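Fold and contact review
Okay, here's what each chain looks like letter by letter:
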Amino acid sequence: LQFPERLNCADALLDRWVREGQGERLCMEGAGGLRWSYADLQAQANRIARVLVEDLGVVSGNRVLLRGANTPMMAACWFAIMKVGAIAVATMPLLRAKELVQVIQKAEVSHALCDERLAEELQLAQAQCPTLRQVLHYGGAGALEARAAAKPANFTNVDTAAEDCCIIAFTSGTTGQPKGTMHFHRDVLAICQCWPVHCLRARPEDKFIGSPPLAFTFGLGGLVLFPMSIGASTVLLEKASPEALLPAIAQYRATICFTAPTAYRAMAAQVGGHDLSSLRQCVSAGEALPAATRALWKEATGIEMIDGIGATELLHIFISHTEAEARPGATGRPVPGYQACILDDEGRVLPPGQVGRLAVKGPTGCRYLADERQTRYVQGGWNLTGDAYLMDEQGYFVYQARTDDMIISGGYNIAGPEVESALLLHPKVAECAVVGARDPERGEIVKAFVVLRDGQGDALRQDPALESTLIKELQDFVKASIAPYKYPRAIEFRASLPRTETGKLQRFRLRQEAQ
Ligand code: 3UK
């Protein structure tokens, strides 16, 4: 991929369409019937850019925190930050003051644009953050809109280098302190030219929709950057639970949906009564896609999902497949532009079929903001994502587990997600998580936490004797489908499982409980 030395990603994704006479194309839809063309979004972004520069004194390189639900206004703020050459530090809506303080201090945030409805926690954080000079609110009687409305709608983008940092994205920190990852203007355009072009193959008439927050790079790419890179449109939903996403797909007649595997699983059970005839493609990322979930969704909608593994460190998806090349149980092959291989603990390349550490390189890569863990993630030029994978003879990459989630039981290496995939095929299982529990004899045993489908849980509460029968039934079911030594020796039923805001299972919490 070749980029000019001077480059502002807002120009290539937004201004370009207006310059080319396509400004009237539909760009974004939001709550309350809001519809913005590319020209509307550009005008709003330009006005906000003027507020940032003229009223707040933002200069290039300043870090601007963004806090809000997915809305067109949040996207306009994001583009304004790009236009003034500043760095967007988008934060997950559910973050509390304590976590915001860490982000603000680590990223040396100087300004913030915040949805009024989420003002409180940021206010609490601000007291402990001397670097944070000014906060403007938007939404409701937002001060930002009033200031923006008073500005002219034109703005000359600040001249930036392709290699200027424009995003600091924080990892979700499922296991430790969140890490800030830096991405450049050219990285933003590079991801638009890789996975969406080669794997998704979206069209200008497509309408994107989905659940991931724009603070999660899965959402930023899938719901803003990718549609805009081809002149398509997007629907930004403030609330996008599985229950809300289904009617929204029908209402907006969306054609491409982005969400996590568990959401597809939940939606598959509820599709009845919703008109999903507009839907053409469904993308799953964030966690491994179990073959059972792929099958359920196909049965419910006829759609073959596109699975892809991405990471905040690499900005977006780097292993995936086209719709036609889907292979149940495998994530896919390296996205054109990226290389991937499997390494052993000494950094040697392993042959096909052997489980090892996934290593990736390509046009984007990991640069942690002031964090010594950089040297663990990048070794010998390869990004080590922390995932255990194998590559088969056809070059398909098959997910095993997070490296630190591998269970070692009686000398066997067992990948929890493989056991989960087997359990998910059972009709009574809604969700499950499999972890290692300490065991005096085997070191660890395989333990499953299971959420039962509607009704099954009630039956169990009414008749506790049913529990041991059901445990035996699930154990036999697993033994019949994968190597028997992998079956869960312990099974516990739960009403729900702990998840991050991005929908990932927090296996470490269950592991702590299981110890
Ligand atoms: C796991 C997957 C198996 C894997 C992300 C798409 O998830 C994203 O970024 P995060 O930094 O987490 C990265 C880790 O999540 N993972 C993600 N997708 C898959 N495992 N199959 C998958 N399809 O452990 C990876 O290392 O939160 C996903 C686009 C952008 C993203 N940031």
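First, a word on what this report is: a plain description of the structure on this page. (Residues numbered from 1 in each chain as written. Predicted model: local features only at pLDDT ≥ 70, side-chain atom pairs only at ≥ 80, totals over all residues.)

This part is about the pairing of strand E1 (residues 26-30). Burial analysis of E1 places four of its five residues in the buried class, which makes it a mostly covered element. Hairpin connection between E1 and strand E2 (residues 34-37): a loop of three residues separates the two successive antiparallel strands, and Gly32 in this loop has a positive phi of roughly 70°. Where E1 meets strand E10 (residues 233-235), two bridges bridge the pair, whose relative direction is parallel. Residue Met28 lies in a different strand from E10, and its bridge partner there is Thr234. (Buried ≥ 20, exposed ≤ 12 C-beta atoms within 10 Å, placed from the backbone. Helix = DSSP H or I, 4+ residues; strand = E, 2+ residues; numbered from the N terminus. Pairing = 2+ DSSP bridges.)

The next thing to look at is the sheet that holds E2. What the nine strands build is an open sheet, ordered E2-E1-E10-E9-E11-E12-E13-E14-E15; its pairing is mixed. Across the chains shown, the open sheet's two edge strands, defined by having one partner strand only, are E2 and strand E15 (333-334). Judged from the four bridges that link them, strand E11 (residues 256-259) and strand E12 (residues 281-284) form a sheet pairing that is parallel. Note that in E12 the partner of Thr259 across the bridge is Ser284.

Another point: unusual backbone geometry. A positive phi angle, near 55°, is found at Arg201, a position not held by glycine. Residue placement: Arg201 occurs in the loop between helix H8 (195-200) and strand E9 (207-210). When the 15 C-beta atoms within 10 Å are taken as the criterion, Arg201 is described as partly exposed.

All right, on to the environment of Pro261 then. If you trace the backbone, Pro261 turns up in helix H11 (residues 261-268). The spacing of Pro261 and Val283 is 22 residues in sequence and 9.0 Å in space, taken between C-alpha atoms. When residues no more than four places from it in sequence are discounted, the contact partners of Pro261 are Ser284, Glu287, Leu289, Pro290 and Thr293. (Contact = placed C-beta atoms within 7 Å.)

A separate point is the environment of Tyr38. As for its placement among the helices and strands, Tyr38 is situated in helix H2 (residues 38-55). A tally of 24 C-beta atoms within 10 Å means that Tyr38 is categorised as buried. Sequence separation between Tyr38 and Ala76 is 38 residues, and the spatial gap between their C-alpha atoms is 11 Å.

With that out of the way, let us pick up helix H1 (residues 9-19). Among the residues of H1, those classed as buried are Cys9, Ala10, Leu13, Leu14, Asp15 and Trp17. What you see down the axis of H1 is that its buried residues fit within an arc of 165°, all on one side. Next to the buried residues of H1 lie H2, helix H3 (72-83), strand E7 (165-170), helix H7 (185-193) and helix H9 (217-229). Count one or two residues on from H1 and you reach Gly21, which has phi positive near 80°. (Arc of directions from axis to C-beta.)

Right, let's get into the environment of Val398. Structurally, the position occupied by Val398 is in strand E20 (residues 397-402). By the C-beta count within 10 Å, which is 19 here, Val398 ends up partly exposed. As for Val398 and Gly455, which are separated by 57 residues in sequence, their C-alpha atoms are 34 Å apart. Ignoring sequence-local partners within four residues, the contact set of Val398 consists of Gly329, Ala330, Tyr389, Leu390 and Asp392.

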